[in-house]
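Report on the structure
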Amino acid sequence: MGDPSAQSGHVGREDIIIIGGGIIGCTTAYYITHHPRFNPSIHSVTILEAAKIGNGASGKAGGLVASWAYPDNIAGLSFELHNELAQEHGGAELWGYRRVHCGQLTAVRYPIVPDGKPKSTSLSTIALGKWWSGSGKKTSMLPHDLNWFDVEAVQSYEEFADTNSTAQVHPAHFTSCMVKLAEQSGARVVLGIDSTQKKIVSLTYTDKATSAKHTMQASKIILAAGPWTPTLMPQVQMSPLRAHSVTLKLKQQVSAYCLFTDITLGAATLSLDHAEPIDPLPSSKTISLEIYARPNNEVYICSQGDFDIPLPRPTDAVEVSPQSCQEIIDAATRVSDELRDGLVTGRRACYLPVMNGGTRSDPLVGYTGVEGLLLATRHSCWGISNAPATGKMISELIFDGKVVCTDIGNLDPRNIL
Ligand SMILES: Cc1cc2nc3c(=O)[nH]c(=O)nc-3n(C[C@H](O)[C@H](O)[C@H](O)COP(=O)(O)OP(=O)(O)OC[C@H]3O[C@@H](n4cnc5c(N)ncnc54)[C@H](O)[C@@H]3O)c2cc1C
């Protein structure tokens, strides 16, 4: 930390400013400070973060890392780089890096009413407990080590990726380790700021705590402000999607699976002596959850996004809906004893940096039409996975003048700006 405005610019210096202390900004700072041509006596790297490191989705995401993510030109590379980073810096210990299985699971719960009469059709008023039953069909379709779901609730399971192509990290821990490693190599971090003006010879920001204005030299500015990037460069199109998540602390460790689930909760339409559900159930509800086992007895669960509340400014004013979090907890805990016995340790919301209403969009990584201004943003649902390749590409653009680790392809912002 420190006051970077004290720096004086001189010929030959490269003053690089990264706006945004999410996983993209912090990993980019890591790769810049670890590039063979980086020389702290002539290069400065400063991360300007409006709130705190990992304030946005990077501190609240699931952490799935996959070579089968998209886009193709960086997903495989980034998977390998995650592996390298973990080997080099003790990622297993520091940010929970490990290989995982990944599968699609469907489960159904129909409450049983002992006297045959419906008790309630409202999901939120159904008390947790074991007074319901599954579909009545026993299943042995789960792998033997995926033993933390109630087998009678599971309707189908399909593994679509194994440990050769899939891993996980704890995103908040990974992001804070990247920034620490960058700082150890000379980067600076300034927190709690509002960047007000920018041009590529200097940048002015306001310290939110003191209202003092600071002006810094800047020969390169990298916009890595996730879903907030359009507030700095309106030409970048984004329609940020809010998503809720919860974390549970379990009584015991569960096996390393990241699961995409559809959980159908039926209304009270069955009786004990009539175990088959009436299909379709008029008031049943299916909720899609991503359920990720993590090391240290933690399980992370997130649901699909909503556009109910637009992206807030300031960046630390994201609203969490208690009801959305409760729906996640209600659904997940009805299909797993282990989850039901867990303690809820976090209820969160964050915004996905995505365009076109949440459909697939490729990130923007590289130079813009404005000299010295680069973008590293719009990573949609794969920003954790693709952060290392993004950081490496930006470091190569700055020091080698072109991307050498992969084909930049359609990620080049100049294709659309
Ligand atoms: C629920 C959920 C689960 C996810 N799970 C996964 C997953 O399992 N795997 C995966 O690969 N991806 C996942 N993602 C996607 C991933 O989280 C994002 O793509 C990634 O975090 C984006 O990182 P970022 O650094 O671009 O943005 P952010 O994390 O949003 O960081 C942007 C930062 O910029 C700061 N900022 C904004 N404006 C300014 C300004 N003017 N000045 C200074 N700072 C500013 C903000 O405060 C913030 O800290 C998930 C996303 C969500 C929402």
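Residues numbered from 1 in each chain as written. Predicted model: local features only at pLDDT ≥ 70, side-chain atom pairs only at ≥ 80, totals over all residues. Heavy atoms only, no water.

1. A few points about the nonpolar core
The nonpolar side chains of a soluble globular protein tend to be buried with one another. In terms of nonpolar packing, the biggest core is built from 48 residues, with Ile 18, Ile 32, Val 45, Trp 95, Met 178, Ile 222 and Ile 394 touching the most fellow members. Contributing elements (two or more residues each) for this core: strand E1 (14–19), helix H1 (23–33), strand E2 (43–49), helix H2 (72–89), helix H4 (171–184), strand E20 (364–367), strand E21 (373–377) and helix H8 (383–399). Here Met 178 is in contact with Cys 26, Thr 27, Tyr 30, Leu 85 and Trp 95, once residues within four sequence places are set aside. The next biggest cluster of nonpolar side chains, apart from the first, holds 30 residues, and it includes Phe 149, Leu 248, Ile 287 and Val 299. (Core = buried A, V, L, I, M, F, W, Y, C linked by side-chain atoms within 4.5 Å. Buried < 20%, exposed > 50% of the residue type's maximum accessible area, 1.4 Å probe, protein only. Helix = DSSP H or I, 4+ residues; strand = E, 2+ residues; numbered from the N terminus. Contact = heavy atoms within 4.5 Å.)

2. Overview of the sheet that holds strand E8 (residues 166–168)
Read across the sheet, 3 strands follow the order E3-E8-E4 without closing on themselves; strand pairing throughout is antiparallel. The outermost strands of the open sheet, each flanked by one partner alone, are strand E3 (64–66) and strand E4 (98–99). As judged from the 3 bridges shared by E3 and E8, these two strands associate in the antiparallel manner. Bridging from a neighbouring strand, Ala 66 pairs with Thr 166 of E8. Its contacts with the sheet put H2 on E3, E4 and E8, and the angle it makes with E3 is roughly 120 degrees. (Pairing = 2+ DSSP bridges. Axes fitted to C-alpha atoms, helices over the stretch in contact; angles between N-to-C directions.)

3. Describing the pattern of salt bridges
Per the counting criterion, the structure on display carries 11 salt bridges. Here Asp 194 makes a salt bridge to Arg 313, at a shortest N to O gap of 3.2 Å. Here Asp 194, found in strand E10 (residues 193–199), pairs with Arg 313, found in the loop between strand E18 (298–303) and helix H6 (322–333); they are 119 residues apart in sequence, far enough to count as distant. For Arg 313, a relative accessible area of 54% translates into the label exposed. In the salt-bridge network here, residues are joined through shared partners; they are Arg 109, Asp 150, Asp 337 and Arg 340. (Salt bridge = Lys/Arg side-chain N within 4 Å of Asp/Glu carboxyl O.)

4. Focus on the site of the ligand
Contacts to the ligand come from 39 residues, most closely from Glu 49, Ser 58, Leu 64, Ser 380 and Ser 385. Between the ligand and Thr 315, the relevant distance is 3.0 Å, taken from an oxygen atom to a side-chain nitrogen or oxygen of the residue. Only H1, E2, E10, strand E19 (343–352) and H8 provide two or more residues apiece to the shell around the ligand. Considering each element in turn, the shell around the ligand owes the most residues, 3 residues, to H8. Looking at the shell around the ligand, its residues break down into 23 nonpolar, 15 polar and 1 charged. (Near = heavy atom within 4 Å. Polar contact = N/O pair within 3.5 Å; in protein donor to acceptor, adjacent residues only side chain to side chain. Nonpolar A, V, L, I, M, F, W, Y, C, P; charged D, E, K, R; others polar.)

5. Description of the sheet that holds E21
A sheet is described by the order of its strands in space; here 6 strands give the open sequence E9-E2-E1-E13-E21-E20, paired in mixed fashion. Pairing within the sheet leaves two strands with one partner each, and these edge strands are strand E9 (188–191) and E20. Each strand axis lies, on average, 20 degrees off the axis of its neighbour in the sheet, ignoring direction. Summarising the sheet, E1 and E2 pair through 6 bridges and their orientation is parallel. Paired with Ile 18 across the two strands is Ile 47, which belongs to E2. Across the sheet, H1 lies against E1, E2, strand E13 (220–223) and E21, angled at about 170 degrees from E2, the strand it touches most.

6. Re the side chain of Thr 206
Within the fold, Thr 206 resides in strand E11 (residues 202–207). Reaching out from Thr 206, the side chain makes a polar contact with the side chain of Lys 213 at a distance of 3.3 Å.

7. Notes on the confidence of the model for the chain
Close inspection of predicted coordinates is inappropriate in any region flagged by low pLDDT. Per-residue confidence for the chain gives a mean pLDDT of 87, with 84% of residues at or over 70. Confidence drops under a pLDDT of 50 for residues 268–274, and excluding neighbours within four residues, the segment shows 22 contacts in the predicted structure. (pLDDT = per-residue confidence, 0-100.)

8. A look at the pairing of strand E15 (residues 257–265)
Across the 9 residues that make up E15, a large majority, 7, are buried. Strand direction decides the pairing type here: E15 and strand E17 (residues 285–294), joined by 8 bridges, are antiparallel. Along E17, the bridge assignment pairs Asp 262 with Ser 288.

9. Things to note about unusual backbone geometry
For the bond running from Tyr 70 to Pro 71, omega is 0 degrees, close enough to zero to count as cis. Mapped onto the elements, Pro 71 comes out in the loop between E3 and H2. The linkage connecting Arg 313 with the following residue, Pro 314, adopts the cis geometry, with an omega of 5 degrees. Counting through the fold element by element, Pro 314 comes out in the loop between E18 and H6. Even without a glycine there, the phi angle at Asn 296 is positive, about 60 degrees.

10. Section: the packing of H1 against H8
Between H1 and H8, the least distance of the axes is 8 Å, while the angle of their chain directions is 45 degrees. One way to sum up the angle between H1 and H8 is to call them oblique. The hand of the H1/H8 crossing is right-handed. Of the residues in H8, those in contact with Ile 23, Ile 24, Thr 27, Thr 28, Tyr 31 and Ile 32 of H1 are Gly 383, Ile 384, Ala 387, Pro 388, Thr 390, Gly 391, Lys 392, Ile 394, Ser 395, Ile 398 and Phe 399. Of the residues belonging to the contact of H1 with H8, the class tally is 10 nonpolar, 6 polar and 1 charged. (Parallel < 35°, antiparallel > 145°, perpendicular 65-115°, else oblique. Left-handed = near helix turned anticlockwise from the far one by under 90°.)

11. Looking at the environment of Lys 402
With respect to the element layout, Lys 402 can be found in the segment after H8. Residue Lys 402 is classed as exposed on the basis of its relative accessible area of 52%. Distance in space between the C-alpha atoms of Lys 402 and Gly 366 is 9.2 Å, their sequence separation being 36 residues. Apart from the residues within four sequence positions on either side, Lys 402 is in contact with Glu 396 and Leu 397.

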